[in-house]
Amino acid sequence: MKPKPTAAVDFTPDVILVGKHFKAREPLTVTLVGFKTYVRKIKATKIGSFRIVIGAIDLNDCNAYKLKVVGKLGSRFSVSHPTAPC
């Protein structure tokens, strides 16, 4: 059985969105909602992964945010991260 699509937010000095297990070369709409909404359209690689650098924004892993990825071939992933004490 193929693993389900997954994605995450990596908080380095830049905010980076990464995902894997999407369909090969699937067109994706990736949405990050925090204090602002960031939407990026990207095509998954031939192995079904992606990496998007949003840049330095006012969001970190202490803040509440939602990450949603919707693929044109049916792949879907979403996660909500609550506010965390830091």
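Residues numbered from 1 in each chain as written. Predicted model: local features only at pLDDT ≥ 70, side-chain atom pairs only at ≥ 80, totals over all residues. Heavy atoms only, no water.

## Here we look at the sheet that holds strand β2 (residues 15-20)
Piece 1. Reading across from one edge, β1-β2-β5 is the order of the 3 strands in this open sheet, with antiparallel pairing throughout. The open sheet terminates on both sides in strands that have one partner only, identified here as β1 (6-11) and β5 (50-55). Across this sheet, the average inter-strand angle for adjacent strands is 15 degrees, counted without regard to direction.
Piece 2. Relative to β2, β1 runs antiparallel, the two being bridged by 6 bridges. By the bridge assignment for β2, Asp10 is matched with Ile16. (Pairing = 2+ DSSP bridges. Helix = DSSP H or I, 4+ residues; strand = E, 2+ residues; numbered from the N terminus. Axes fitted to C-alpha atoms, helices over the stretch in contact; angles between N-to-C directions.)

## Focus: unusual backbone geometry
In terms of backbone geometry, most residues other than glycine have negative phi values and most peptide bonds are trans.
Piece 1. Located in the positive-phi region is His21, a residue other than glycine, with phi close to 70 degrees.
Piece 2. Of note in the backbone geometry, Arg25 takes a positive phi value of approximately 60 degrees without being a glycine.
Piece 3. Within the fold, Arg25 resides in the loop between β2 and β3 (27-33).

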